[in-house]
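# Analysis of the macromolecular model
Residue strings, one per chain:
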Amino acid sequence: MAYVVALAQPERIARRRGAGSASYLMVGGTAVTLPPGSGLGDAEWVAVAVASRDPGQSEGRIRLAATADEDLARAVAPNLLGTADEVDWLGGDVVARRVERLGAIMLSEKPLRDPDRGAVEAALRKGLATEGPGVLRWDADAVALRQRLDFLHRTLGAPWPAVDDAALIAAADSWLGIELSTARRRSDLERIDASQALRRLLPWPEAARFDELAPERLEVPSGSHIRVDYSADPPILAVKVQEIFGWREPPRLADGRAGLLLHLLSPAQRPVAVTADLPSFWVNGWPQVRADLRGRYPKHAWPEDPATVAAHRGTARNARRD
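This part is about the nonpolar core. Ranked by internal contacts, the top residues of the largest apolar core, which has 64 residues, are L136, W175, L237, I244, W282 and W286. Top element by residues in this core is helix α10 (residues 278-296). It accounts for six residues. Non-local contacts of I244, meaning those with residues more than four positions away in its chain, are made with V220, P221, V239, L262, L264, L278, W282 and A311. Counting residues in each nonpolar core, the second largest holds 16 residues, with V5, A6, A77 and L107 among its members.

With that settled, the discussion passes to helix α6 (residues 172-180). Count 3.6 residues to each turn of an α-helix, and residues three or four apart come out pointing the same way. Buried within α6 are the following residues: A172, W175, L176, G177, E179 and L180. Where α6 is buried, its residues touch α3 (117-131), α5 (165-170), α7 (186-190) and α8 (194-198).

Once that is clear, we can look at the sheet that holds strand β8 (residues 105-111). Spatial strand order, β6-β7-β8: three strands in an open sheet with antiparallel pairing. Looking at the sheet topology across the chains shown, the edges are occupied by β6 (81-90) and β8. When the angles between neighbouring strand axes are averaged without regard to direction, this sheet yields 35°. As paired elements, strand β7 (residues 93-102) and β8 share six bridges and run antiparallel to each other. For V99, the partnering residue across the bridge sits in β8 and is E109.

Turning our attention to the packing of aromatic side chains. Applying the stated criterion across every chain yields a total of eight aromatic pairs. Between the aromatic rings of F281 and W282, the centroid separation amounts to 5.6 Å while the plane-to-plane angle is 50°, which identifies the pairing as tilted. Here F281 matches W282 in class, with each residue buried. Between the aromatic rings of W286 and W302, the centroid separation amounts to 6.3 Å while the plane-to-plane angle is 50°, which identifies the pairing as tilted. Highlighted residues: W286 in helix α10 and W302 in the loop between α10 and α11 (316-321), separated in sequence by 16 residues. In terms of burial, W286 and W302 fall into one category: buried. Ring pairs connect the aromatic residues F245, F281, W282, W286 and W302, which therefore count as one cluster. Over the ring of W138 we find R146; its NZ or CZ atom is 5.1 Å from the centre of that ring.

What follows is about α3. In this model, α3 (15 residues) spans 21 Å end to end at C-alpha, consistent with the 21 Å of a helix rising 1.5 Å per residue. Buried within α3 we find V120, E121, A123, L124, G127 and L128. One side of α3 carries all its buried residues, which in axial view fall inside an arc of 160°. Here the buried face of α3 lies against β6, β7, α5, α6 and α7. One or two positions beyond α3, positive phi appears at G132, with a value near 85°.

Parameters and conventions
- Residues numbered from 1 in each chain as written.
- Predicted model: local features only at pLDDT ≥ 70, side-chain atom pairs only at ≥ 80, totals over all residues.
- Heavy atoms only, no water.
- Core = buried A, V, L, I, M, F, W, Y, C linked by side-chain atoms within 4.5 Å.
- Buried < 20%, exposed > 50% of the residue type's maximum accessible area, 1.4 Å probe, protein only.
- Helix = DSSP H or I, 4+ residues; strand = E, 2+ residues; numbered from the N terminus.
- Contact = heavy atoms within 4.5 Å.
- Pairing = 2+ DSSP bridges.
- Axes fitted to C-alpha atoms, helices over the stretch in contact; angles between N-to-C directions.
- Phe/Tyr/Trp six-rings, centres within 6.5 Å; stacked < 30°, edge-to-face > 60°.
- Lys NZ or Arg CZ within 6 Å of the ring centre and 35° of its normal.
- Expected span 1.5 Å × (residues − 1).
- Arc of directions from axis to C-beta.

See below:
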């Protein structure tokens with residue numbers, strides 16, 4: 001029966017999709033399930049005489065079939081046999097192999113030692129699109145750089161580029177072209193320094209003002225240089241409150257178009273207030289904060305009008321020395 005069915009309809013020859021699986025893939029590309037009690041046992045190959053698909057089911061159901069084998073499949077469908085080199089992103093990495101297929105069924109595969117360079121690059125681009133830029137190496141500096149660029153794009157627009165995932169993938173040639181042209185596998189992508197690559201997107205000549213428009217750190221009145229957090233909107237400056245004594249108004253970013261959200265900290269680096277309006281805070285919020293801090297940190301100086309005194313980093317002794 002198997003020979004008759006296979007000869008009449010070679011596209012209905014099917015191979016089991018995995019050890020112990022009841023799912024089979026036919027030469028024509030359709031998946032079918034062998035029901036329990038079929039009498040075909042643990043057959044690797046079957047010739048499907050009758051199959052149907054119930055509404056809502058992803059696979060068809062084998063109604064009648066006979067045990068077959070690979071030799072029979074090859075004999076009745078020689079015109080469906082083919083060998084091809086395939087390079088693709090599969091299972092999270094580049095897979096390069098020489099594959100022999102009978103229609104949709106893979107008969108054998110062997111690794112390719114020297115796959116086509118263009119096909120490898122296409123596979124890497126597919127992987128980048130599938131998994132996103134996170135497949136690269138993003139250290140703290142790279143993440144901060146991306147956030148600063150995103151801030152300028154949102155605040156100033158062109159020519160500062162968008163750096164969301166979709167935009168970075170679309171602009172891959174502009175900032176990753178060099179690395180993609182030499183990489184061979186996922187591990188090569190994971191070694192790419194995203195910070196170095198991302199700097200290729202800085203627009204010229206505007207890039208000369210990058211650190212001015214979106215400084216990585218800001219100098220506060222105490223002399224400390226505090227890192228700005230651009231992950232939030234507006235950007236956050238978390239700083240000990242006594243280090244900004246003397247500030248009547250904090251600096252603005254992006255040519256004055258964006259302010260800062262100040263996270264004011266105690267000497268122990270605990271948050272005591274959040275404000276985007278420092279002059280108002282000194283007048284209305286500071287008296288209560290000052291009362292609390294004086295009780296908890298008596299060795300530190302807590303002036304009534306912090307906008308008029310010198311900033312300092314330490315205790316009251318440091319404040320007097322200033």
